[in-house]
Amino acid sequence: MQRPATRWRLATVAMCALSIGCAQTSSSTGGAGSATPADAKTFLDHANETTLTLGIAQSQAGWVQQNFITDDTEAIAARANQAAIEAGARFAKESTKYDKVDVPADQRRMLNLLKTSLVLAAPSDPKESDELTKIMARLESAYGKGKWCRDPSKPDTCKNIDDVTHMLSVPGNEKVLREAWEGWHTISPPMKKDYQRFVELSNKGARELGFPDTGAMWRAKYDMPPDEFTKELDRLWDQVRPLYLKLHAYTRMKLHEKYGDLVPATGPMPAHLLGNIWAQDWSNIYPLVAPPNADAGFNLTDILKKRKMPALDMVRTGEHFYTSLGFAPLPKTFWERSLFVRPKDREVVCHASAWDIDYVEDVRIKMCIEQTADDFTTIHHELGHNFYQRAYKDQPVLFRDSANDGFHEAIGDTIALSVTPEYLVKITLLEKAPDTSRDLGLLMNKSLEKIAFLPFGLLVDEWRWKVFSGEIKPEHYNKAWWDLRLQYQGVAPPSARGEEFFDPGAKYHVPDNTPYTRYFLAAILQFQFHRALSKIAGCTLPLNRCSTYESQEAGRRLNAMLSMGQSRPWPDALETLTGSRQMDATAIIDYFEPISKWLDDQLKGKAVGW
């Protein structure tokens, strides 16, 4: 799940008390040339201690703010977040004093993590740091309050993102879809000037840490030189691109049948007709592209509703999946402090998220659970974050995170892939698993979610990296955005989009400055993890039917990787579970093999590509 706030991570790994902590550490070490191994050890001990202290305060403030939404709780959470951002930059810069000090490998890794784990490095100049903070607040507010109004003088004509999301999810009326798509994209042009200045200031902060720009700082966190990481992403995309091209061609063919010449028989697809504001998930248009006789043989949502399964029972079912692998049950506080249903007495942020409040045992989820297949699967996903958090709780604080930021998302999705018909039979939600010949519909639906997302998962950060580096100039922001969307996704806007628009800003993660590559990596890794775990569990079924439920050996291997946290480079963690040190997208090809072959038959003699 792409959560706006990644609450399963330390909000900023590099944090230091704003009061006297950093100043004391700095003064004790003198200049860079006089720093000693003992100084480095003292510095890191202080870093671990203050990271934990500020991390707990920030998590508590964020939890209260999202569960009791008032001006006061928002202000409290904002202060905690601001303290982390400013202190994070100070701590990261402090770590550079020990670049040439001879320290043990684990301490060197901590020092490197302090420098590379920042998402935003504020400039050291107080005025510029304050300006950057205010710009970020304005950008986040502009998105959060964004509305499209048919008539600004009439509030009842205004639509927020939830309204627009629903409108675009219903295929059929092209004019309505176009109006909704264009309407939502009116929220972002006012962001452009602020975003340009944000780039300048964030780059200045990154350069103070020794990075060429903010994009290079983001890429440096992946245990390889930034340029090599970019090549690694290209390699993974090349592995899955042929499957995406087939799905694109088939979807275009079906949309052409539905909308006529509004969708060209060859060329890119109009972005507003794919069921999603950003055309990143096409599952809402499944009715238009479903294979004939694609009934899966069961409907999990109907089953849950018929049984009137309470939210608490749905969560306990998810927990039992993990305990069946050998993980310890969740603590009593999880059940006392989590949010499972929408309260009747107050507004809350219902977006599903997993929380690690004290970075030891106080783990929670926050959801407004309904009796749907999506929520049932999401519970399994969110609990994956919680069990990951508990697995690495004995690591030093700076290592209490996933091997790389794609791993945390991937774990939850890996377990969600095990919610198969066979699993539903074992937990008595289904009497009998349908024959595998019924899988085409399930695989098509999942490919519209998983495969359709892959190119978008790449291009968001590619655009930003080029903006940060200066390759994309402000006067070409929008053109470059659509050039990349055409190159990777094969989609085009429904109308001309000049530089008076700022369409990247209509995607939450851009004004919020949340890196996006993690979602692409998670989309790759979840299938690689699933294939490895299925093999360990001895599954002989097609990969899309394999479930690791009740496999203690799979659980042992999974825990061995999870418990490492980020104490070792991610290839070490990957090898612990999969036996390979390289990310491998061929597991996606294996998983979707039945639908891939079916697409080949449907596309004989048809144009593929754009």
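Worth saying up front: this structure is predicted, and the values here are computed from it rather than measured.

Student: Give a description of the packing of aromatic side chains that names residues and reports values.
Tutor: Counted under the stated rule, the structure contains 42 aromatic pairs. Judged by centre distance (5.2 Å) and plane angle (85°), the ring pair of Trp-63 and Trp-355 falls under edge-to-face. Remark: Trp-355 occurs in strand β4 (residues 353-356) and Trp-63 occurs in helix α2 (residues 37-67); sequence separation between them is 292 residues. Note on accessibility: Trp-63 and Trp-355 belong to one class, buried. An aromatic cluster of at least three residues, connected via ring pairs, comprises Tyr-195, Phe-198, Trp-218, Phe-453, Phe-456, Trp-463, Phe-468, Tyr-477, Trp-481, Phe-502, Tyr-516 and Tyr-519. One cation-aromatic arrangement involves Arg-219 over Trp-465; the distance from NZ or CZ to the ring centre is 4.9 Å. The aromatic ring of Phe-68 is capped on one face by Arg-346, whose charged end is 4.1 Å from the ring centroid.

Student: Can you lay out the confidence of the model for the protein chain for me, pointing to particular residues and giving the numbers?
Tutor: Predicted confidence across the protein chain gives a mean pLDDT of 90, with 95% of residues reaching 70 or more. Throughout residues 1-30 the model reports pLDDT below 50, and contacts reaching past four residues in sequence, or to other chains, amount to 111 contacts.

Student: Residue-level account of the pattern of salt bridges, with values.
Tutor: All told, the structure shown has 41 salt bridges when counted by the stated rule. The partner of Arg-438 in a salt bridge is Asp-295, with the nearest N and O atoms 3.5 Å apart. Of this pair, Arg-438 sits in the loop between α17 (421-426) and α18 (439-469) while Asp-295 is found in the loop between α11 (286-289) and α12 (300-307), placing the two residues 143 residues apart along the sequence. The salt bridge involving Lys-332 is made with Glu-336; its shortest N-O contact spans 3.7 Å. Of this pair, Lys-332 and Glu-336 are both found in helix α14 (residues 332-337), four residues apart, which corresponds to roughly one turn of the helix. Residues joined in a network through salt bridges with shared partners are Arg-568, Asp-572, Glu-575 and Arg-581.

Student: Residues and numbers for α12, please.
Tutor: For α12, the full list of buried residues reads Leu-300, Ile-303 and Leu-304. Viewed along the axis of α12, the buried residues span an arc of 95°, placing them on a single side of the element. Those residues of α12 that are buried are in contact with α13 (311-324), α15 (373-391) and α17. A side-chain oxygen of the first residue of α12 lies 3.0 Å from the backbone nitrogen of Thr-301; this N-cap is Asn-299. Of the residues trailing α12, Lys-308 is marked for its positive phi of about 50°.

Student: Describe in detail the environment of His-320, supporting the description with residues and values.
Tutor: If you trace the backbone, His-320 turns up in helix α13. Distance in space between the C-alpha atoms of His-320 and Tyr-549 is 9.1 Å, their sequence separation being 229 residues.

Rules used in this analysis
- Residues numbered from 1 in each chain as written.
- Predicted model: local features only at pLDDT ≥ 70, side-chain atom pairs only at ≥ 80, totals over all residues.
- Heavy atoms only, no water.
- Phe/Tyr/Trp six-rings, centres within 6.5 Å; stacked < 30°, edge-to-face > 60°.
- Helix = DSSP H or I, 4+ residues; strand = E, 2+ residues; numbered from the N terminus.
- Buried < 20%, exposed > 50% of the residue type's maximum accessible area, 1.4 Å probe, protein only.
- Lys NZ or Arg CZ within 6 Å of the ring centre and 35° of its normal.
- pLDDT = per-residue confidence, 0-100.
- Contact = heavy atoms within 4.5 Å.
- Salt bridge = Lys/Arg side-chain N within 4 Å of Asp/Glu carboxyl O.
- Arc of directions from axis to C-beta.
- Polar contact = N/O pair within 3.5 Å; in protein donor to acceptor, adjacent residues only side chain to side chain.

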